[in-house]
Amino acid sequence: MTTFTMTMPMNAPPTTTPPPTTTMRVALPRADALTDVLLSPVDQPVNEAEFSRVSERLTTQFARVAPADRAKPVRIDSYRLELASSNAGRLKGLDSVFSASPAKCRRAIGLAAVGLSVRDSTLAPSRAVERVLAESAAQSDSGAWWEDWYRRLPPGARAVAQAEAVTWATHLFEALDWRKFESQPKVGGDLRWQCQDITRVVLHGRVDVRAVVDGIPVFFVVSTGIAGSAWTTALALSALVAGMTRGPGAVPGRVVGFWPSSGQVRILRIDSGELDRASRLAVEAARILALA
Amino acid sequence: LAIRNETTRIAAPKTPKTTSNVTTAQAIGRPTHPSAILFPVEASASRSVNASAEAHPGQGLLEKLRGSGRSRPVADPELAGGLREWLEDSLSSTARRVPEGGPALVIDTVSRRRLLSLRPRRQAQPIEISNQAMVQNLVSCLFRQWITTRSIGDPLADAIAAQVVSGDPEGIVERVSRMPAARRSALQSELSGHARQIASMWPPLCASWHPRTGEKVAIPLCGRKIILSATVDLAIGPQASTDASVCIVGIETAPPRRSHEIDMRYCALVETLRSGAPPSRVGKFYTQSGQFRIEPVNEHLLVSALLETVDLAERLCP
């Protein structure tokens, strides 16, 4: 029987202690149960005043750690946040130069493909990936960051990129029962916050599926590997970036994380405590990266 | 790395246009395999696959994979949880010997087959692998390419390009580039043989079966102190609901060995733990001979895999 872990609502003031967790058991098929969990009613949205306090404190601390006159930006994403929590030494040595690879572009291609499959239920993920790649080959300026890289690859390498994207897209497509969404969910659409007048820190929040339940957003995030010890802050980062970018009304009531490789599912109810924990870790990660 | 294009392009064999597994199976009209757990490899299995390949290339293989004509096993939702608890209990003493805060004991293909040391592989230091492992690695790339794109050009060039773009963790690209021309030519011929076998035996897979390749599985146990890791060459079938619906296939370039059976069972176990339901079937495709071994997954097989895994973990962490 599959075990889900759910964090319980936090009413206590923010601390650095992880929130308590409980487990719940669900039946097969998993997509059915997972979609129900994602779309179940949210207790209450995050408190606006509390979020504003988190937001102001975060901006102030980022300004100290990486001021606006700093030459290079400091990028914080869920991976860096987890490293800051579990392995700060590796965070210091993290290579900031981006190089494309099948593992890095599979999500971008996969999200485009799942978007097509959700709109057309007869289009299987593998066919959708084929379509996305064919369109990228036909158009030279569709704007996707991976296209130039992909076009230059020899056939054997292209096949790896395609295969990786198909596997990723299939995992996401199979994870949810898309028929259960009352209105079509938004597939993809990562969030990015930066305030260049104040700080060079750039926050990046991954969101793979976004839906709205009773007027409150809920997020679904697909991650690689195994859920790490800092999974709560990694999931809360997406919620934090949503609020920083679009205001407290955009903060999701819940973020559901799914790790296809391990089959793990984690459900995080977002409250000001979670946001505060994520923001503290983001400042710590920014401090380490700014010094590196 | 300069690679001569010595081989002709491998094209997909002519196969019936139908992509429905039901139609395909019915078109064959042959009885399904006996209830014996394993196919005798040298005798009936290879003959039957080859025989059906004469009529419709690869359709016999699909029939075996999907197990047409008989109902799929019911997916017991309690089974995965029970296996996990059993594993956690059995591995608890082994987990206590894994240093606190140190690297986890990872049980993967390498450790299972060779019982290598527990030192984690450093990405910056490619390990020297055997010739056979190198060929296996390159053929895995070709298999993945064939399943995904239905096309292989120059097998060596394609496999090397796949290694390059994947970061070449095992230093295969450099190794091939250092090969004398004669050795490289022999490797080219060897890969072409494997590629031809793959192309002739594997028909297009219906997209609605959700074929996915190179699927990585990582199951954390005992507080992440022990990780069961695997890479499934090919998985097909949607997720299980009432029936087990996933089939998983590994490829092998070497002749059949007992370790391959252990490998199949292990993959069935980790897939069960990952998805919460056991796969319907697990198989091995031998790219040299075109033989295909298929094993229906049942509780007996999964328990065997569990005991083998516990035994291996104890040997890896004495």
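Provided above is the structure to which this section pertains.
Since the structure is predicted, the reported quantities are computational estimates derived from the model, not experimental observations. Numbering of residues starts from 1 in every chain and runs along the sequence as written. Here chains are named by letter from A upward and ligands by number from 1 upward, in the order in which they appear as written. It should be noted that, the model being predicted, local features are given only for residues of pLDDT at least 70 and side-chain atom pairs only at 80 or more, the latter also being counted only at that level, while totals for whole chains, interfaces and linings use all residues. Side-chain calculation: all heavy atoms of the structure are included, whereas hydrogens and water are not.

### Things to note about the interface of chain B and chain A
Size of an interface, as often reported, equals the accessible area lost when the parts are brought together. Selection criterion: In what follows, residue pairs with any heavy atoms lying within 4.5 Å of each other are defined as contacts. The rule for a salt bridge is simple: a side-chain nitrogen of Lys or Arg has to be within 4 Å of a carboxyl oxygen of Asp or Glu. Here a polar contact is taken to be a pair of N or O atoms separated by no more than 3.5 Å, where protein atoms must pair a possible hydrogen donor with a possible acceptor and residues adjacent in sequence count only if both atoms sit in side chains. Starting at the N terminus, helices and strands are each numbered in turn, a helix being any DSSP run of H or I of at least four residues and a strand any DSSP run of E of at least two. Residues are grouped as follows: Ala, Val, Leu, Ile, Met, Phe, Trp, Tyr, Cys and Pro are nonpolar; Asp, Glu, Lys and Arg are charged; all remaining types, including Gly, are polar.
Between chain B and chain A, the contact holds 39 residues from the first and 40 residues from the second. Here chain B is connected to chain A by one salt bridge. A salt bridge links Arg-144 of chain B to Glu-164 of chain A; the nearest nitrogen and oxygen atoms lie 3.1 Å apart. If you look at where chain B meets chain A, you find 12 residue pairs in polar contact (both at pLDDT 80 or more). Counting residues per element, the ones that place at least two in the side of chain B that touches chain A are helix H4 (77–97), helix H6 (131–149), helix H7 (155–165), strand E2 (212–221) and helix H10 (258–275) of chain B. Here the element with the most residues in the side of chain B that touches chain A is E2 of chain B; it accounts for eight residues. Residues belonging to the side of chain B that touches chain A are distributed by class as follows: 17 nonpolar, 13 polar and nine charged.

### Topic: the nonpolar core
As a rule of thumb, nonpolar side chains are buried together in soluble globular proteins. Applicable threshold: Side-chain atoms within 4.5 Å link the members of a nonpolar core, which is a set of buried Ala, Val, Leu, Ile, Met, Phe, Trp, Tyr and Cys residues. Only protein chains enter the area calculation, which uses a 1.4 Å probe; residues under 20% of their type maximum are buried, those over 50% are exposed, and those in between are partly exposed.
Counting residues in hydrophobic clusters, the biggest one holds 88 residues, and the most contacted among them are Leu-172, Leu-176, Trp-178 and Phe-220 of chain A together with Leu-187, Trp-202 and Phe-285 of chain B. The contact partners of Leu-176 of chain A, leaving out residues within four places of it in the chain, are Ala-31, Leu-34, Thr-35, Leu-38, Phe-181, Val-209 and Phe-220 of chain A. The next biggest cluster of nonpolar side chains, apart from the first, holds 44 residues, and it includes Val-74, Leu-81, Leu-235 and Ala-278 of chain A.

### What to know about the sheet that holds strand E6 (residues 201–205) of chain A
All names here are of chain A. Rule in force here: DSSP-based pairing: two strands are paired if at least 2 bridges between them are found. Here the axes come from fitting lines to C-alpha atoms, over the contacting stretch only for helices, and the angles between their N-to-C directions go from 0 to 180 degrees.
The three strands lie next to each other as E3-E6-E5, forming an open sheet whose pairing is mixed. Of all the strands in the sheet, just strand E3 (74–76) and strand E5 (191–194) have a single pairing partner and so form its edges. Strand-to-strand twist in this sheet, taken as the mean axis angle between neighbours without regard to direction, amounts to 20°. With four bridges joining them, E5 and E6 adopt antiparallel strand pairing. Residue pairing in the sheet places Trp-193 in a bridge with Leu-203 of E6.

### Brief notes about helix H5 (residues 102–119) of chain A
For clarity, the cut-off: Expected span of a helix, by definition, is 1.5 Å for each gap between consecutive residues, and there is one gap fewer than residues.
Compared with an ideal rise of 1.5 Å per residue, which puts 18 residues at 26 Å, H5 of chain A spans 25 Å between its outermost C-alpha atoms and is within 8% of the ideal. With 13 of 18 residues buried, H5 of chain A is to be regarded as a mostly interior element.

### A few points about the packing of aromatic side chains
Heads up, the rule is: Stacked, tilted and edge-to-face pairs are distinguished by plane angle, under 30 degrees for stacked and over 60 for edge-to-face with tilted covering the rest, among Phe, Tyr and Trp rings (Trp via its six-membered ring) whose centres lie within 6.5 Å. A positively charged side chain is recorded as over a ring if its NZ (Lys) or CZ (Arg) lies within 6 Å of the ring centre. The angle to the ring normal must also be within 35 degrees.
Taken as a whole and judged by the stated rule, the model has nine aromatic pairs over all chains. A ring pair is formed by Phe-62 of chain A and Trp-193 of chain A, whose centres lie 6.0 Å apart and whose planes are at 35°; its orientation type is tilted. Taken as a pair, Phe-62 of chain A in helix H2 (residues 48–65) and Trp-193 of chain A in strand E5 lie far apart in primary sequence, 131 residues in all. You'll find Phe-62 of chain A and Trp-193 of chain A in the same group, each marked buried. Taken together, the ring pairs in this structure connect Phe-143, Trp-202, Phe-285 and Phe-292 of chain B into an aromatic cluster. In this structure, Arg-266 of chain A packs its charged tip against the face of Trp-231 of chain A, placed 5.8 Å from the ring centre.

### Considerations on unusual backbone geometry
Residues and elements named next belong to chain B. For Arg-150, which is not glycine, the phi torsion reads 65° and is therefore positive. By the secondary structure assignment, Arg-150 is in the loop between H6 and H7. Phi is positive for Cys-222, which is not a glycine, with a value near 50°. Following the sequence through the fold, Cys-222 ends up in the loop between E2 and strand E3 (226–236). With relative accessibility at 14%, the residue Cys-222 sits in the buried group.

Taken by themselves, the reported measurements are silent on function.
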